[in-house]
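Residue-level structure breakdown
Next come the chains, spelled out residue by residue.
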Amino acid sequence: MKKTALVSLLIVLLGSTMSCSDKSEHDVIGIWLLTTRTSDLPFDVNQDGVFNTNLVSEIDCNKTETLTFETNGTVSSGNEFSNPLKYYKEEATNVYRINSDCNTEGIISFASEFEITEEDTIKISDRVYVLSGNTLTTVYENSVNIYNEDFTEVIETKDLKLIYTKQ
């Protein structure tokens, strides 16, 4: 009985050690910069005459949002943009617009543990990120509320896709 318990303990300890070494050698380890924030709708927030689905190119509030994955199984964000964007559709033109406030005091950060659930799938809390080469992608389904022009009702929802690129 004691021998079985000892063998079980050794298996658990070995498994824990292997998980740690897997993380230390995994491609996700390092710093990832947010390069794409899209809801698949074209916007011209910076009013340069070019409509773009990538809000990182359109909003100058924060160009340095990062995720940092450590070999000890932790992940932290830096310079996360926390100011709410207000999406709406102009009734007369059917053009989508965004109201944004570039208050840089709204920058937040977080730290958490991450889990490698498959070779190309990373889980942070309940959020799934897919690793493909040097990009890491997550999708927030139906998280973008598009309002009517006077912001009295949500007229549609869109997914929000975030893509990070390894630095």
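1. Quick look at the side chain of Thr165
Turning to its location among the elements, Thr165 is positioned in strand 11 (residues 154-166). Judged by relative accessible area, which is 18%, Thr165 ranks as buried. In contact with Thr165, not counting residues within four places along its chain, are Ile31, Trp32, Leu33, Thr35, Asn134 and Thr135.

2. Side note on the pairing of strand 6 (residues 96-99)
Side chains Tyr96 and Ile98 of strand 6 all project onto a buried face; the interleaved residues Arg97 and Asn99 project onto a face where none is buried. Hairpin connection of strand 5 (residues 86-89) to strand 6: six residues between the antiparallel strands, including Asn94 at a positive phi of 60°.

3. Quick notes on the pairing of strand 8 (residues 121-124)
Pairing of strand 7 (residues 111-118) with strand 8, which is carried by four bridges, proceeds in the antiparallel orientation. Across the sheet, residue Ile116 finds its bridge partner in strand 8, namely Ile122. Between strand 7 and strand 8, which pair antiparallel and follow one another directly, the connecting turn spans two residues. Between strand 8 and the antiparallel strand that follows it, strand 9 (residues 127-132), lie two residues; Ser125 among them carries a positive phi value of about 55°.

4. Brief notes about the pattern of salt bridges
Counted under the stated rule, the structure contains three salt bridges. In this structure, Glu65 engages Arg37 in a salt bridge whose closest nitrogen and oxygen atoms are separated by 3.0 Å. Taken as a pair, Glu65 in the loop between helix 2 (55-58) and strand 3 (66-69) and Arg37 in strand 1 (residues 30-43) lie far apart in primary sequence, 28 residues in all. The same class applies to Glu65 and to Arg37, which are both buried. Residue Lys158 is joined to Glu156 by a salt bridge in which the shortest nitrogen-to-oxygen separation is 3.5 Å.

5. Some words on the environment of Tyr129
By the secondary structure assignment, Tyr129 is in strand 9. The buried category is assigned to Tyr129, whose relative accessible area is 5%. Spatially, the C-alpha atoms of Tyr129 and Ile116 are 9.7 Å apart, while their sequence positions differ by 13 residues. In this view, Tyr129 contacts Leu67, Asp120, Thr121, Ile122, Ile124, Leu136, Thr137, Thr138, Tyr140 and Tyr164; residues no more than four positions away in its chain are not counted.

6. Points about unusual backbone geometry
Phi at Gln47 is positive, roughly 50°, even though this residue is not glycine. Positive phi outside glycine occurs at Phe151, with the angle close to 60°. Structurally, Phe151 can be placed in the loop between strand 10 (135-147) and strand 11. Among the residues examined, Phe151 registers a relative accessible area of 30% and is labelled partly exposed.

7. Some details on the side chain of Asn148
Looking at the element boundaries, Asn148 is found in the loop between strand 10 and strand 11. Polar side-chain contacts of Asn148 include one of 2.8 Å to the side chain of Thr152. If near-sequence neighbours (up to four positions away) are discounted, Asn148 is found in contact with Tyr88, Lys89, Glu91, Glu153 and Ile155.

Reading the values: the criteria
- Residues numbered from 1 in each chain as written.
- Predicted model: local features only at pLDDT ≥ 70, side-chain atom pairs only at ≥ 80, totals over all residues.
- Heavy atoms only, no water.
- Helix = DSSP H or I, 4+ residues; strand = E, 2+ residues; numbered from the N terminus.
- Buried < 20%, exposed > 50% of the residue type's maximum accessible area, 1.4 Å probe, protein only.
- Contact = heavy atoms within 4.5 Å.
- Pairing = 2+ DSSP bridges.
- Salt bridge = Lys/Arg side-chain N within 4 Å of Asp/Glu carboxyl O.
- Polar contact = N/O pair within 3.5 Å; in protein donor to acceptor, adjacent residues only side chain to side chain.

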